[in-house]
Amino acid sequence: MKRFAYDSPNDAIAALAAPLAPVDVQHDCRDLLGRVLACSIVADRDHPAADVSAMDGYALAMRRPANSGEIHCNEEIPVTGESIPGSPPPDFSDFGVIRIFTGGMVPAGCDRVIQREYTIESTGGDSMPLGTVRWRAEAKLTQPAANIRGRGENIEAGEEALPPGVVVRAPQVAAIASFGVESASVRRRVRIAIITTGDELGRIDSPTNETLPPWKIRNSNAHALRAIVTPRPYVNPPTMLHAPDEPEQLKQVVSDAVADHDIVLLTGGVSMGDHDYVPKVVSEIGAQTVFHKLPLRPGKPILGALYHVPDSATAKPIIGLPGNPVSATMGAVRFALPLIDKLAGITHWEPNPPSIMLDEIGTKTLHLHWMRAVRMTGPGTAELVVGKGSGDLVSLGASDGFIEMPPTAHHPGPWPFFAW
Ligand code: AMP
Ligand code: MG
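Residues numbered from 1 in each chain as written. Chains lettered and ligands numbered in written order. Predicted model: local features only at pLDDT ≥ 70, side-chain atom pairs only at ≥ 80, totals over all residues. Heavy atoms only, no water.

Participant: Sorry, what's going on with the overall build of the protein chain here?
Facilitator: Within the protein chain, the regular secondary structure consists of 7 helices and 24 strands. For 420 residues, the compact-globule estimate of 2.2 N^0.38 gives 22 Å, and the protein chain exceeds it by more than 25% at 31 Å. Projected onto the principal axes, the alpha-carbon positions of the protein chain cover approximately 100 × 55 × 50 Å. Here the protein chain holds 420 residues, and the buried ones make up 47% of them. For the protein chain, long-range pairs separated by at least 24 residues make up 70% of all intrachain contacts whose partners lie at least 6 apart in sequence. (Helix = DSSP H or I, 4+ residues; strand = E, 2+ residues; numbered from the N terminus. Rg over C-alpha atoms; globule rule 2.2 N^0.38 Å. Buried < 20%, exposed > 50% of the residue type's maximum accessible area, 1.4 Å probe, protein only. Contact = heavy atoms within 4.5 Å.)

Okay, structure coming up:
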């Protein structure tokens, strides 16, 4: 019999993700920053809306008499008009050139812009109030269409500027503003429940500096998991819950959480101890256990389940993370974030971590996938932060994230890097 249902974290994540559908659509959303688009954003006009100059310089038509098909240096050419951004272009006369500024509209008939650096400008007299120019030798190199951003070269009216399934961040905001979009359909925010378990924990709502007897601990996982999910702008503030190590109460908390949320994250109670009720409770509420235990350190006892909502195509992931702070935080980043992104409706939800190289590898190898805390030492390089085990949240605080090495690996990388 296979020891583990899945050989790798990626396979386990894929199995949980497979049946997940994006959360519902919310129409006519006006405040789009941080939201996941559920529709295309369509250009309402060509971009650029006209042929515009990409340079400060002079617009001209090579075939016109003033240029007679080629650039003649030393010839004084009158400037017959100016094209200034924000104003319609002047008419273009057969004799002369148009002074044009970056973003100014290229007058009809002009076929290129010669940049200002390639000219010698003179002030004209009363008969030529805009002055004259002569071309420098470099001007001869200016090709047809040079320095002109063609109308619609970025996109034409009616084309898709942004597809559904992208998160609206600064560049998308720019596109949305550019195409006059007032409101759009987005995915509603993902609802997350975070449940801590364990009789050793102080009350979740007690002040952080509460004094505890030595047989109690502060609930750091609640804060850490909230800190992991909250920076995602497309999630609601998570619902923070706690259950004691008592199966009936835990069952109530878990089944209520599943009813009202899209994903449920638990910490603690997932191993083989006498007080570890999470696996039993998860199956008792009718969820399907997809894996329990993975070849992973830290976090080997991790549990992944799916709750299939009756009479609906909706599936909700439940992730049972071990209580140890290092397992809980690394596990949440590794397993919960991609599933949240898929639920949020993000097309490219699959983790695509950057790679880093270790400065030194150490001597040890493991027959497990190994998540190891690291601190960045330079661009693309990091050193291991060696802690005292999966309870050592003090060492964890000195790390920038973690790498994941496959079983028996023993070389400096490159390794996928998951930043905090
Ligand atoms: P468990 O997975 O329930 O066996 O918990 C393992 C260890 O993790 C416990 O002995 C605690 O020291 C620690 N632990 C469990 N839950 C939390 C929590 N919410 N915050 C901080 N530490 C925790
Ligand atoms: Mg426990």
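Participant: What am I meant to see in the site of ligand 1 here?
Facilitator: Lining the immediate environment of ligand 1, one finds 16 residues, of which Asn219, Asn221, Gly269, Gly323 and Asn324 sit closest. Within the contact set of ligand 1, a nitrogen atom lies 3.3 Å away from a backbone nitrogen or oxygen of Ser220. One of the backbone N or O atoms of Gly323 is found 2.8 Å from an oxygen atom in ligand 1. Breaking the shell around ligand 1 down by element, the ones donating at least two residues are strand 13 (192–197) and helix 3 (220–229). (Near = heavy atom within 4 Å. Polar contact = N/O pair within 3.5 Å; in protein donor to acceptor, adjacent residues only side chain to side chain.)

Participant: Quick question: what am I supposed to make of helix 2 (residues 170–178) here?
Facilitator: Note that an α-helix has 3.6 residues per turn; residues three or four places apart therefore point the same way. For helix 2, the complete set of buried residues consists of Gln172, Ala175 and Ile176. On an axial view of helix 2, the arc spanned by its buried residues comes to 100 degrees, and they lie on one face. Residues of helix 2 that are exposed and point more than 90 degrees away from the buried face comprise Ala170, Pro171 and Ala177. Positive backbone phi, at 65 degrees, marks Gly180, one or two positions downstream of helix 2. (Arc of directions from axis to C-beta.)

Participant: Explain the nonpolar core here, please?
Facilitator: Within soluble globular proteins, side chains that are nonpolar tend to cluster in buried spots. One finds Ile192, Ile263, Leu265, Ile319, Phe335 and Ile340 to be the most contacted residues of the largest nonpolar core, which totals 47 residues. If you list the elements that add at least two residues to this core, you get helix 1 (9–17), strand 13, helix 3, strand 15 (263–267), strand 16 (288–292), strand 19 (315–321), helix 6 (325–343) and strand 21 (369–378). With 11 residues, the top contributor of residues to this core is helix 6. Once residues within four sequence positions are removed from consideration, Leu265 is found in contact with Ile192, Ala193, Ile194, Ile195, Leu225, Val229, Ile319 and Ala336. (Core = buried A, V, L, I, M, F, W, Y, C linked by side-chain atoms within 4.5 Å.)

Participant: Quick question: what am I supposed to make of helix 3 here?
Facilitator: For helix 3, the set of buried residues is Asn221, Ala222, Leu225, Ile228 and Val229. Considered in projection along helix 3, the buried side chains sweep an arc of 130 degrees and stay on one side of the axis. In this fold, the buried residues of helix 3 make contact with strand 13, strand 14 (239–243), strand 15, strand 19 and helix 6.

Participant: Please explain a positive patch on the surface as it appears in this structure.
Facilitator: On the surface, a cluster of positive charge is contributed by Arg3, Arg297, Lys300 and Lys364. Within the secondary structure, Lys300 sits in the loop between strand 17 (296–297) and strand 18 (303–308). Overall, Lys300 belongs to the partly exposed group, its relative accessible area being 32%. (Patch = residues over 30% accessible without salt bridge, like charges linked within 9 Å, V, L, I, M, F, W, Y side chains within 5 Å. Areas by Shrake-Rupley, 256 points an atom, 1.4 Å probe, with all protein chains shown as cover. Salt bridge = Lys/Arg side-chain N within 4 Å of Asp/Glu carboxyl O. Lys, Arg positive; Asp, Glu negative; His and termini not counted. Charge placed at Lys NZ, Arg CZ, Asp CG, Glu CD.)

Participant: How should I be thinking about the packing of helix 1 against helix 6 in this particular structure?
Facilitator: Axes are the key here: two packed helices are described by the angle between their axes and the distance separating the axes. Between helix 1 and helix 6, the least distance of the axes is 10 Å, while the angle of their chain directions is 35 degrees. Helix 6 is crossed by helix 1, and the crossing has right-handed handedness. Note on element contacts: helix 6 touches helix 1 through Arg334, Phe335, Pro338, Leu339 and Lys342, opposite Pro9, Asn10, Ala12, Ile13, Leu16 and Ala17. (Axes fitted to C-alpha atoms, helices over the stretch in contact; angles between N-to-C directions. Left-handed = near helix turned anticlockwise from the far one by under 90°.)

Participant: Honestly, the sheet that holds strand 4 (residues 57–60) in this entry has me stumped. Any pointers?
Facilitator: Sheet strands associate in pairs through backbone hydrogen bonding, adopting either a parallel or an antiparallel arrangement. With mixed pairing, 6 strands are arranged side by side in an open sheet as 7-4-6-5-9-8. Either end of the sheet is taken by a strand with one partner, and the two such strands are strand 7 (112–115) and strand 8 (119–122). Adjacent strand axes in the sheet meet at a mean angle of 40 degrees, parallel and antiparallel pairs treated alike. Pairing between strand 5 (residues 77–83) and strand 6 (residues 97–100): 4 bridges, direction parallel. Its bridge partner lying in strand 6, Gly81 is registered against Ile98. (Pairing = 2+ DSSP bridges.)

Participant: Would you take a moment to explain the sheet that holds strand 15 for this structure?
Facilitator: Spatial ordering of the open sheet is given by 14-13-15-19-18-16, a layout of 6 strands whose pairing is mixed. Because the sheet does not close on itself, it has two edges, and the strands there are strand 14 and strand 16. Taken over all neighbouring pairs, the strand axes of this sheet differ in orientation by 20 degrees on average, direction set aside. Where strand 18 and strand 19 come together, 6 bridges link them in antiparallel fashion.

Participant: I would appreciate a short explanation of the packing of helix 3 against helix 6 in the present structure.
Facilitator: At a minimum axis separation of 10 Å, helix 3 and helix 6 run at an interaxial angle of 30 degrees. The angle between helix 3 and helix 6 places the two elements in the roughly parallel class. The interaxial crossing formed by helix 3 with helix 6 has right-handed handedness. Together, Ser220, Asn221, Ala224, Leu225, Ile228 and Val229 of helix 3 and Pro325, Ala328, Thr329, Ala332, Val333, Leu337 and Ile340 of helix 6 make up the contact between the two elements. (Parallel < 35°, antiparallel > 145°, perpendicular 65-115°, else oblique.)

Participant: Even after reading the chapter, I still don't get the side chain of Thr119, so can you show me in this structure?
Facilitator: On the secondary structure map, Thr119 appears in strand 8. Within polar-contact distance, the side chain of Thr119 engages the backbone oxygen of Arg116 at 2.7 Å. Sequence-distant contacts of Thr119, defined by excluding residues within four places in its chain, comprise Tyr58, Ile114, Val133, Arg134, Trp135 and Arg136.

Participant: Looking at this structure, I do not really get the pattern of salt bridges. What am I missing?
Facilitator: Evaluation of the coordinates by the stated rule reveals 13 salt bridges. For Arg134, the salt bridge goes to Glu76, with nearest N and O atoms at 3.3 Å. Placement of the pair is Arg134 in strand 9 (residues 132–135) and Glu76 in the loop between strand 4 and strand 5, with a sequence separation of 58 residues. Classification of Arg134 as partly exposed rests on a relative accessible area of 23%.

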